[in-house]
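Residues per chain are reported as follows:
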Amino acid sequence: MLEPGACLLLSGPSGSGKSRMLRAIADLDPHEGQVLLDGEVCDELAPAQWRQQVGMLAAESAWWEERVGAHFSAPVDEALLHSLGFDQQVLEWELARCSTGEKQRLALLRLLNNRPKVLLLDEPTASLDPNNVARVEQVILDYMHTTQAAAIWVSHDPKQIKRVASCHMVIQNQAIHEVAL
């Protein structure tokens, strides 16, 4: 059970199933068992309804339009935009102009702009320089604090685990084990 505002840090060797687990919780892949949010079973909600509440940030985000702003279905939260190091002009940028790190931060903006109750974060800082790692960690933690959103955060960075985790679990040999922080 993941409490509101808690951050479960998930780590383990490459190929151990961390991303698959996030995809199953997001109801993007078939899975066994039950996933509940506020007492509601995932299978009892339409997939779009579930994903509005349980948002996933993939390690490599998808982009389908030419311009950044076309990927947002609601007005962009300007404070969030600025906290991620952008100004309003970024919404006019062509995606081809964006670096991998910029796309990663913009994908986080897109996710948080939808105001999910649960964040599924698959290595959200993997392509970022140290300044932007700190910026993104702070944005995520601030979002979790103000909204009481819970998060499952995949990371391989031991220092990051200590900075952001409420609890830490490791997937290894097809089993999940809790480890001390």
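Described below are features of the structure shown in this document. (Residues numbered from 1 in each chain as written. Predicted model: local features only at pLDDT ≥ 70, side-chain atom pairs only at ≥ 80, totals over all residues. Heavy atoms only, no water.)

Within a regular beta strand, the side chains point alternately toward one face of the sheet and then the other, so they alternate between its two faces. Among the 5 residues in strand S5 (residues 118-122), 5 count as buried, and that is most of the element. Neither face of S5 is left uncovered, since the one carrying Val 118, Leu 120 and Asp 122 and the one carrying Leu 119 and Leu 121 both have all their residues buried. In terms of strand pairing, strand S4 (residues 54-57) meets S5 through 4 bridges, oriented parallel. Its bridge partner lying in S5, Gly 55 is registered against Leu 119. Direction of pairing for S5 relative to strand S6 (residues 150-154): parallel, over a ladder of 5 bridges. Within S6, the residue paired with Leu 121 across the bridge is Trp 153. This β-α-β element, S5 to helix H5 (residues 130-147) to S6, shows right-handed connectivity. (Buried < 20%, exposed > 50% of the residue type's maximum accessible area, 1.4 Å probe, protein only. Helix = DSSP H or I, 4+ residues; strand = E, 2+ residues; numbered from the N terminus. Pairing = 2+ DSSP bridges. Right-handed = clockwise from strand over helix to strand, strands pointing away.)

Our next topic: the packing of helix H4 (residues 100-113) against H5. Where H4 contacts H5, the two axes come as close as 12 Å, and the packing angle between them is 5 degrees. In terms of orientation, H4 lies roughly parallel with respect to H5. Residue-level contacts link Arg 105, Leu 108 and Leu 112 of H4 to Asn 132, Val 136, Val 139, Ile 140 and Tyr 143 of H5. Residues that form the contact of H4 with H5 fall into these classes: 6 nonpolar, 1 polar and 1 charged. (Axes fitted to C-alpha atoms, helices over the stretch in contact; angles between N-to-C directions. Parallel < 35°, antiparallel > 145°, perpendicular 65-115°, else oblique. Contact = heavy atoms within 4.5 Å. Nonpolar A, V, L, I, M, F, W, Y, C, P; charged D, E, K, R; others polar.)

The next subject is the sheet that holds S5. Strand order in the open sheet formed by 6 strands is S4-S5-S6-S1-S7-S8, and the pairing between neighbours is mixed. The open sheet has two edge strands, S4 and strand S8 (175-179), and neither has a second partner. Averaged over neighbouring strand pairs, the angle between their axes works out to 20 degrees when direction is ignored. On the sheet, helix H1 (residues 18-25) packs against strand S1 (7-11), S4, S5, S6, strand S7 (167-172) and S8 and is oriented at approximately 155 degrees with respect to S5. This element, H4, spans S4 and S5 of the sheet and lies at about 175 degrees to S4.

Its place among the elements puts Met 144 in helix H5. In sequence terms Met 144 and Pro 30 are 114 residues apart; their C-alpha atoms lie 28 Å from each other. Apart from residues no more than four positions distant in its own chain, Met 144 is found in contact with Gly 5, Ala 6, Cys 7, Leu 119, Ala 149, Ala 150 and Ala 151.

This brings us to H1. Here H1 has its buried residues at Lys 18, Leu 22, Ala 24 and Ile 25. Along the axis of H1, the buried residues cluster in a sector spanning 160 degrees; they form a single face. Along its buried surface, H1 packs onto S1, helix H2 (47-53), S4, S5, S6 and S7. Backbone geometry just after H1 places Asp 27 at a positive phi near 65 degrees. (Arc of directions from axis to C-beta.)

A few words now on the layout of surface pockets. In this structure, the second largest pocket encloses a volume near 550 Å³. Those elements that provide at least two residues to the lining of the second largest pocket are H2, S4 and H4. Per-element accounting of the lining of the second largest pocket gives the leading share, 4 residues, to S4. Broken down by class, the residue content of the lining of the second largest pocket amounts to 12 nonpolar, 6 polar and 4 charged. (1 Å grid on protein atoms, 1.4 Å probe; cavity = no way out; pocket = protein on both sides within 12 Å on 5 of 7 lines; lining within 4 Å. Points joined across faces, edges and corners; volume = space filled by probe spheres on them.)

As enumerated under the stated definition, the model contains 2 salt bridges in all. In this structure, Arg 67 engages Glu 94 in a salt bridge whose closest nitrogen and oxygen atoms are separated by 3.7 Å. Taken together, the residues span a long stretch of sequence, with Arg 67 in the loop between S4 and helix H3 (78-83) and Glu 94 in the loop between H3 and H4 at a distance of 27 residues. Glu 94 sits in the partly exposed class, given a relative accessible area of 36%. Linking Arg 163 and Glu 137 is a salt bridge whose minimum nitrogen-to-oxygen distance equals 2.6 Å. Linking Arg 163 in helix H6 (residues 158-164) with Glu 137 in helix H5, this pair joins segments that are 26 residues apart in sequence. (Salt bridge = Lys/Arg side-chain N within 4 Å of Asp/Glu carboxyl O.)

No statement about biological role is implied by the geometric values presented.
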